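Chain by chain, the residues:
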Amino acid sequence: MPTDNTFAIVGAGLAGAKAAETLRQEGFDGRLVLLGAEPERPYERPPLSKEYLRGEAEREQPFVHEARFYAEHRIDLRVGENVVRLDPARRELALGSGERLGYDRLLLATGSAPRRLSIPGGELEGVRYLRTVGDSDALRARLDAGGRLVIVGAGWIGCEVAASARQRGVEVTVIAPHSVPFERVLGAEVGAIYRDLHVDHGVEMLLGTAVTAFEGAGRVERVRTQDGRTIESDAVVVGVGATPRAMLAAAAGLAVDNGILVNERLETSVPGIFAAGDVANQLHPSLGRLRVEHWDNALQQGPAAARSMLGSNESYARVPYFFSDQYDVGMEYSGHANDWDRVVFRGDPAAREFIAFWLREGHVLAGMNVNVWDVAETIQAMVGHPVDERRLVDPDVPLEHVALGEVAS
Ligand SMILES: Cc1cc2nc3c(=O)[nH]c(=O)nc-3n(C[C@H](O)[C@H](O)[C@H](O)COP(=O)(O)OP(=O)(O)OC[C@H]3O[C@@H](n4cnc5c(N)ncnc54)[C@H](O)[C@@H]3O)c2cc1C
């Protein structure tokens, strides 16, 4: 790659930062510009609903690299710089500051943004979303003030905030239209385990109903639900999913459909422009079209996109993986299941120490280890492969042997 080339990365989150690191590691010696709209250098978001929110982590903790890393690697990191337009024909970016930046290769790592709830009172003060370190700082200050927190949505963000808030001694009500948390991803059986976990920790779970309005004089004081309840609240956190930030790409004419469409090697419909992380909707070699909104995907796709920018033909084929920590229950999920026919358990779900497997026609679609450790890689290797269900659920058969498909004795 000629050293007078400019590679630009839009989005200074985890995917963008890891892509920049990889470009230098792989020997790219040209100009490298990393542009981020937030005022902070790249940081990781998982702690923002967990230890960082609870005030148990140092301020430096969520950053991807030390501050001096960027200068040391000649990465021109521009924070607080919003890219407002992309002109693929000219290979040029228009920045909010008015500058125009030409590029030879471009990576879009613009992430996702919380889905907003547009119901009456949605704009009241005290109705919060959690995405940035600033959001987490502000929410922590609110938790310190005590009172009742209402959480709208029983997904990852909602449930992790519920756990952190309870751990800080705050009263919590979770309201969600599903019958159990994570119903769409984990199904009713496993979701019920998480519902019970929160109930055991004193969370009021109002499931099977939707929030219809927020009310209050200037700031939120009450939440109304579809089934006619009124819940007093000192603060509200809305966690109802995220939407990919694909506006820049769409306006530039790149193919966009639930994120920026990329091929197996993460290149968009315009040659020379790549996408990675939450915003990328990839044609996965074994799982089909897939957009993954998880930490590991940003961590791995950023470097993979960097290698593609340098000319590699390698497909990004990693099995999706994510983790969540709530109270003293940690889990890792590997795979991708949306049309399973069976869920089976290995271990003891009642003791919250088990592995759940989602199966279809005897094949493993996904597995989730809960308070069982050092098995995620083995589970990943099983995804997509047939298993003997009887051996799978037998804790006396080592998981590695099930994974290898040994014949039952
Ligand atoms: C509170 C919270 C907790 C989470 N916990 C977990 C967890 O436990 N486990 C897990 O697997 N995942 C978790 N996630 C998800 C994980 O953090 C995301 O998948 C990951 O951050 C995605 O990284 P990314 O780099 O693709 O995008 P992002 O982190 O969204 O970064 C994109 C960056 O691009 C910037 N940007 C966007 N548009 C522009 C533009 N036009 N110009 C300049 N900059 C722009 C944005 O400001 C942003 O800083 C959590 C997310 C949140 C919010």
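Residues numbered from 1 in each chain as written. Predicted model: local features only at pLDDT ≥ 70, side-chain atom pairs only at ≥ 80, totals over all residues. Heavy atoms only, no water.

S.K.: Could you give me a rundown of the overall build of the chain, with the residues and numbers involved?
M.R.: For the chain, the helix and strand inventory stands at ten helices and 26 strands. Radius of gyration (C-alpha) of the chain: 22 Å, near the 22 Å computed for a compact globule of 409 residues. C-alpha atoms of the chain, sized along the principal axes, occupy 70 × 60 × 35 Å. Residue pairs at least 24 apart in sequence account for 59% of intrachain contacts in the chain once pairs closer than 6 positions are excluded. As displayed, the chain has an accessible area near 17,500 Å², and 46% of this comes from carbon and sulfur atoms. For the chain, the distance from the average site of its 43 positive side-chain charges to the average site of its 59 negative ones is 5 Å. (Helix = DSSP H or I, 4+ residues; strand = E, 2+ residues; numbered from the N terminus. Rg over C-alpha atoms; globule rule 2.2 N^0.38 Å. Contact = heavy atoms within 4.5 Å. Areas by Shrake-Rupley, 256 points an atom, 1.4 Å probe, with all protein chains shown as cover. Lys, Arg positive; Asp, Glu negative; His and termini not counted. Charge placed at Lys NZ, Arg CZ, Asp CG, Glu CD.)

S.K.: Could you give me a rundown of the packing of aromatic side chains, with the residues and numbers involved?
M.R.: Counted by the stated rule, this structure contains ten aromatic pairs. Plain terms: the ring middles of phenylalanine 69 and tyrosine 70 are 5.3 Å apart, the flat faces sit at 85° to each other, and that makes the pair edge-to-face. Neither phenylalanine 69 nor tyrosine 70 differs from the other in exposure class; each is buried. With a centroid separation of 4.8 Å and an interplanar angle of 20°, the aromatic rings of phenylalanine 322 and tyrosine 333 are classed as stacked. Taken as a pair, phenylalanine 322 in strand S22 (residues 321–326) and tyrosine 333 in strand S23 (residues 329–335) lie far apart in primary sequence, eleven residues in all. (Phe/Tyr/Trp six-rings, centres within 6.5 Å; stacked < 30°, edge-to-face > 60°. Buried < 20%, exposed > 50% of the residue type's maximum accessible area, 1.4 Å probe, protein only.)

S.K.: Explain empty space enclosed by the protein to me, and be specific about the residues and the numbers.
M.R.: Following the criterion strictly, the structure yields one cavity of 30 Å³ or more and no others. Approximately 70 Å³ is the volume attributed to the largest cavity. In terms of lining, the largest cavity is formed by Gln282, His284, Leu290, Val292, Asp296, Asn297, Gln301, Tyr316, Arg318, Val319, Pro320 and Tyr321. Broken down by element, the residue count for the lining of the largest cavity peaks at three residues, all from helix H7 (residues 295–309). Its residues assigned to classes, the lining of the largest cavity comprises six nonpolar, four polar and two charged. (1 Å grid on protein atoms, 1.4 Å probe; cavity = no way out; pocket = protein on both sides within 12 Å on 5 of 7 lines; lining within 4 Å. Points joined across faces, edges and corners; volume = space filled by probe spheres on them. Nonpolar A, V, L, I, M, F, W, Y, C, P; charged D, E, K, R; others polar.)

S.K.: Can you lay out helix H3 (residues 133–144) for me, pointing to particular residues and giving the numbers?
M.R.: Over its twelve residues, H3 extends 16 Å from the first C-alpha to the last, a length consistent with the 16 Å expected when each residue adds 1.5 Å. Within the span of H3, buried status applies to Val133, Ser136, Leu139, Arg140, Arg142 and Leu143. Structurally, H3 contributes buried residues whose contacts are with strand S9 (127–128), strand S10 (148–152), helix H4 (156–167) and strand S16 (235–238). Directly after H3, the chain includes glycine 146, whose backbone phi takes a positive value near 75°. (Expected span 1.5 Å × (residues − 1).)

S.K.: Break down the layout of surface pockets for me, with residues and values.
M.R.: Considering only enclosed or pocket space, the second largest pocket measures out at about 160 Å³ in volume. Lining the second largest pocket are His284, Ser286, Leu287, Ala317, Val319, His336, Val364, Leu365, Val383 and Gly384. Within the lining of the second largest pocket, the residues separate by chemical class into six nonpolar, four polar and no charged.

S.K.: Describe the environment of glycine 155, and please don't skip the residues or the numbers.
M.R.: Its place among the elements puts glycine 155 in the loop between S10 and H4. Judged by relative accessible area, which is 24%, glycine 155 ranks as partly exposed. Separated by 25 residues in the primary sequence, glycine 155 and valine 180 place their C-alpha atoms 9.6 Å from one another.

S.K.: Give a detailed account of the pairing of strand S7 (residues 105–108), specifying residues and quantitative values.
M.R.: As paired strands, strand S1 (residues 6–10) and S7 are joined by four bridges and run parallel to one another. Within the sheet, the bridge partner assigned to phenylalanine 7 lies in S7 and is arginine 105. The pairing of S7 with strand S19 (residues 273–275) spans three bridges and is parallel. Paired with leucine 106 across the two strands is isoleucine 273, which belongs to S19. (Pairing = 2+ DSSP bridges.)

S.K.: Now, about the site of the ligand: what can you tell me, with residues and values included?
M.R.: Near the ligand, the surroundings consist of 35 residues, among which Glu38, Arg45, Lys50, Arg131 and Asp278 are the closest. In the environment of the ligand, an oxygen atom lies 2.8 Å from a nitrogen or oxygen atom belonging to the side chain of arginine 131. Within the contact set of the ligand, an oxygen atom lies 3.1 Å away from a backbone nitrogen or oxygen of tryptophan 295. Protein contacts shield 94% of the accessible area of the ligand, which totals 1,000 Å² for the unbound molecule. Of all the elements in the fold, those that place two or more residues in the shell around the ligand are helix H1 (14–25), strand S2 (31–36), H4, H7 and S22. Across the shell around the ligand, the residue classes tally to 16 nonpolar, ten polar and nine charged. (Near = heavy atom within 4 Å. Polar contact = N/O pair within 3.5 Å; in protein donor to acceptor, adjacent residues only side chain to side chain.)

S.K.: Just give me the short version of unusual backbone geometry, but keep the residues and values in it.
M.R.: One non-glycine residue, arginine 74, adopts positive backbone phi at about 50°. For arginine 74, the position within the fold is in the loop between helix H2 (69–72) and strand S3 (75–79). Even without glycine at this site, asparagine 371 takes up a positive phi of about 50°. Tracing the backbone shows asparagine 371 in the loop between strand S26 (363–370) and helix H8 (376–382).

The values reported here are purely geometric and, on their own, carry no functional implication.
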